[in-house]
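In case you want the letters, here they are:
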Amino acid sequence: MSDVINFTDLKNKATDKDIKKFEDYILSLYYSMAQGEFNIIELSLKIQNYMKENNISENKFNNIQAKLIDKYQNEYGIDLSDIDNQLKSLGVDTKQSGIDNINYQDIRKKFSFEQKYNGKIEQKMISSYSITNEKNSISIYLFKDNVLLKSKGKVNLEDNELNDFLCSYKKTLNDSTLKIEICENTSDYNY
């Protein structure tokens, strides 16, 4: 009669139903991502929302992922690096996006970071372009009608190449007004 039921262990236990439900969800996400509906960062946000909606703690999530990884490795003979290779074949540069191998621990860390800052961080897909000529050496960042011109020096707005680029981009937005922000004399440092 000295056995005590540990409710925390029961709450964090990953059941077959939990694993199957998460597996179905994650496979649908990977399919949608392969279709170009969202990127790898948005994938982690969707998994975070799944955890919130299904009241899954980080410990339970770790247990689910461990069992799912074990299932794929033992039952199907699939190595997680295969998924990484599949993403690369779809044009996703996992090294450039900071992910050498798809790792649920990394995703969990991102969830914790997002939770810490209470959803105040907004993920956006941006495009970038660089111009280096005799008038400018700038990086241009595009998000919808927002444009950021960033340069370590002064931005020369009389640059024909820059103006041609901005006119071309504006046409893709049906000639809506661009909100241009200029960031000059920038400096970099490692932290």
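Refer to the structure printed above.
All values derive from a computational prediction rather than experimental measurement. (Residues numbered from 1 in each chain as written. Predicted model: local features only at pLDDT ≥ 70, side-chain atom pairs only at ≥ 80, totals over all residues. Heavy atoms only, no water.)

Visitor: So what about the overall build of the protein chain? Which residues, and what values?
Guide: Each helix and strand in the protein chain was counted, giving seven helices and four strands. Element order for the protein chain, N to C, with α for helix and β for strand: α-α-α-α-α-α-β-β-β-α-β. Expressed as a percentage of its 191 residues, the buried residues of the protein chain come to 29%. Excluding contacts between residues fewer than 6 apart, the proportion of contacts in the protein chain whose partners are at least 24 apart in sequence is 55%. Total accessible area on the protein chain is roughly 13,400 Å²; 48% of this is exposed by carbon and sulfur atoms. (Helix = DSSP H or I, 4+ residues; strand = E, 2+ residues; numbered from the N terminus. Buried < 20%, exposed > 50% of the residue type's maximum accessible area, 1.4 Å probe, protein only. Contact = heavy atoms within 4.5 Å. Areas by Shrake-Rupley, 256 points an atom, 1.4 Å probe, with all protein chains shown as cover.)

Visitor: Now, about the side chain of serine 151: what can you tell me, with residues and values included?
Guide: Here serine 151 lies in strand β3 (residues 146-151). Note on serine 151: relative accessible area 4%, which makes it buried.

Visitor: So what's going on with the packing of helix α2 (residues 16-34) against helix α3 (residues 40-53)? Which residues, and what values?
Guide: Put simply, α2 and α3 touch, their axes get as near as 11 Å, and they point 155° apart. The angle between α2 and α3 places the two elements in the roughly antiparallel class. Along this stretch, α2 crosses α3, giving a crossing that reads as right-handed. Taking contact as the criterion, the partners of Lys21, Phe22, Tyr25, Ile26, Leu29, Tyr30 and Met33 in α2 are, on α3, Ile40, Leu43, Lys46, Ile47 and Tyr50. When the residues that make up the contact of α2 with α3 are grouped by side-chain class, the tally is ten nonpolar, no polar and two charged. (Axes fitted to C-alpha atoms, helices over the stretch in contact; angles between N-to-C directions. Parallel < 35°, antiparallel > 145°, perpendicular 65-115°, else oblique. Left-handed = near helix turned anticlockwise from the far one by under 90°. Nonpolar A, V, L, I, M, F, W, Y, C, P; charged D, E, K, R; others polar.)

Visitor: Report on unusual backbone geometry, specifying residues and quantitative values.
Guide: Positive phi is not limited to glycine here, since asparagine 55 has a value of about 50°. On the secondary structure map, asparagine 55 appears in the loop between α3 and α4 (58-74).

Visitor: I'd like a description of the pattern of salt bridges, backed by residues and values.
Guide: Under the criterion given, the structure shown has five salt bridges. Where lysine 20 meets aspartate 24, a salt bridge forms, and the shortest distance between an N and an O atom there is 3.0 Å. Of the two residues, lysine 20 and aspartate 24 both sit in helix α2, four residues apart, roughly one turn of that helix. Ionic pairing is found between glutamate 184 and lysine 154, a salt bridge with its closest N-O pair at 3.4 Å. Highlighted residues: glutamate 184 in the segment after β4 (179-183) and lysine 154 in the loop between β3 and α7 (160-172), separated in sequence by 30 residues. Given the relative accessible area of 28%, glutamate 184 is considered partly exposed. (Salt bridge = Lys/Arg side-chain N within 4 Å of Asp/Glu carboxyl O.)

Visitor: Tell me about the nonpolar core, and please be specific about residues and values.
Guide: Residues Phe22, Ile26, Leu43 and Ile47 are the most contacted members of the largest nonpolar core, which totals 18 residues. Secondary-structure elements contributing two or more residues to this core are α2, α3 and α4. Looking at which element gives the most residues to this core, the answer is α2, with six residues. Apart from residues lying up to four places away in sequence, leucine 43 is in contact with Ile26, Leu29, Tyr30, Met33 and Phe38. Counting twelve residues, the second-largest nonpolar core is a separate cluster that includes Ile140, Leu142, Leu149 and Val155. (Core = buried A, V, L, I, M, F, W, Y, C linked by side-chain atoms within 4.5 Å.)

Visitor: Which residues make up the side chain of lysine 60, and what values do they have?
Guide: Note that lysine 60 resides in helix α4. A polar contact of 3.1 Å, which involves the side chain of lysine 60, links it to the side chain of aspartate 18. (Polar contact = N/O pair within 3.5 Å; in protein donor to acceptor, adjacent residues only side chain to side chain.)

Visitor: Before we move on, could you go through a nonpolar patch on the surface and cite the residues and values that matter?
Guide: On the surface, Leu157, Ile180 and Ile182 cluster together into a nonpolar patch covering about 250 Å² of accessible area. Mapped onto the secondary structure, isoleucine 182 falls in strand β4. (Patch = residues over 30% accessible without salt bridge, like charges linked within 9 Å, V, L, I, M, F, W, Y side chains within 5 Å.)

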